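# Examination of the molecular architecture
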Amino acid sequence: MAGKFEVFVDAEAQYRFRLTTPDGTELAVSAPYRDKSAAVAAIEAVRECAGMGLISDLCPAGNSVPTSAAATPAPVTAACEPRRTPVDGFRKHAAVRRPAAVPHLSGVA
């Protein structure tokens, strides 16, 4: 089951939305919006961009974790744990079906 977007009004009477997992864990909270339609438009933008979003590593060089972060590791939710699939379990994509060749009309007689 997919996550859920929830639109709500914060303490300052501004509209916000949050993205939650199916079990109710809050993944993200938006910036404030003046009206509900702007918050809904932002949800649509997130839906459109999220699947194709690139990951930018802004961490310091190397694999070391700063000492303050090493003392308190972030909890890992079940939704974020990697799922391992055996190689034989991958499905092969079907060949792309294209329509039969249609003559292209260029407008030149």
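Predicted model only: the values in this text are computed from it and were never measured.

This next bit is on the packing of aromatic side chains. Per the counting criterion, the structure on display carries two aromatic pairs. On the numbers, 6.3 Å between centres and 15 degrees between planes, the contact of phenylalanine 17 with tyrosine 33 is stacked. With a gap of 16 residues between them, phenylalanine 17 in strand β2 (residues 15-20) and tyrosine 33 in the loop between β3 (26-29) and α1 (36-50) connect regions that are remote in the sequence. For phenylalanine 17, a relative accessible area of 8% gives the class buried. For tyrosine 33, a relative accessible area of 23% translates into the label partly exposed. What links up through ring pairs into an aromatic cluster is the set Phe5, Phe17 and Tyr33. The aromatic ring of phenylalanine 8 is capped on one face by arginine 18, whose charged end is 4.0 Å from the ring centroid.

Okay, the confidence of the model for the protein next. Any residue range with low pLDDT should be treated as having predicted coordinates unsuitable for detailed reading. Chain-level statistics for the protein give a pLDDT mean of 74 and a share of 56% at 70 or above. Ignoring residues within four places in sequence, the model shows residues 76-87, a span with pLDDT below 50, making four contacts including any to other chains. Low pLDDT (under 50) marks residues 89-96, which in the prediction has one contact with non-local residues, meaning those over four places away or in another chain.

Quick look at the pairing of β3 now. Pairing between β2 and β3: three bridges, direction antiparallel. The partner of leucine 19 across the bridge, within β3, is alanine 28. Linking β2 to β3, which pair antiparallel, is a turn of five residues; within it glycine 24 sits at a positive phi near 95 degrees.

Cut-offs and rules
- Residues numbered from 1 in each chain as written.
- Predicted model: local features only at pLDDT ≥ 70, side-chain atom pairs only at ≥ 80, totals over all residues.
- Heavy atoms only, no water.
- Phe/Tyr/Trp six-rings, centres within 6.5 Å; stacked < 30°, edge-to-face > 60°.
- Helix = DSSP H or I, 4+ residues; strand = E, 2+ residues; numbered from the N terminus.
- Buried < 20%, exposed > 50% of the residue type's maximum accessible area, 1.4 Å probe, protein only.
- Lys NZ or Arg CZ within 6 Å of the ring centre and 35° of its normal.
- pLDDT = per-residue confidence, 0-100.
- Contact = heavy atoms within 4.5 Å.
- Pairing = 2+ DSSP bridges.

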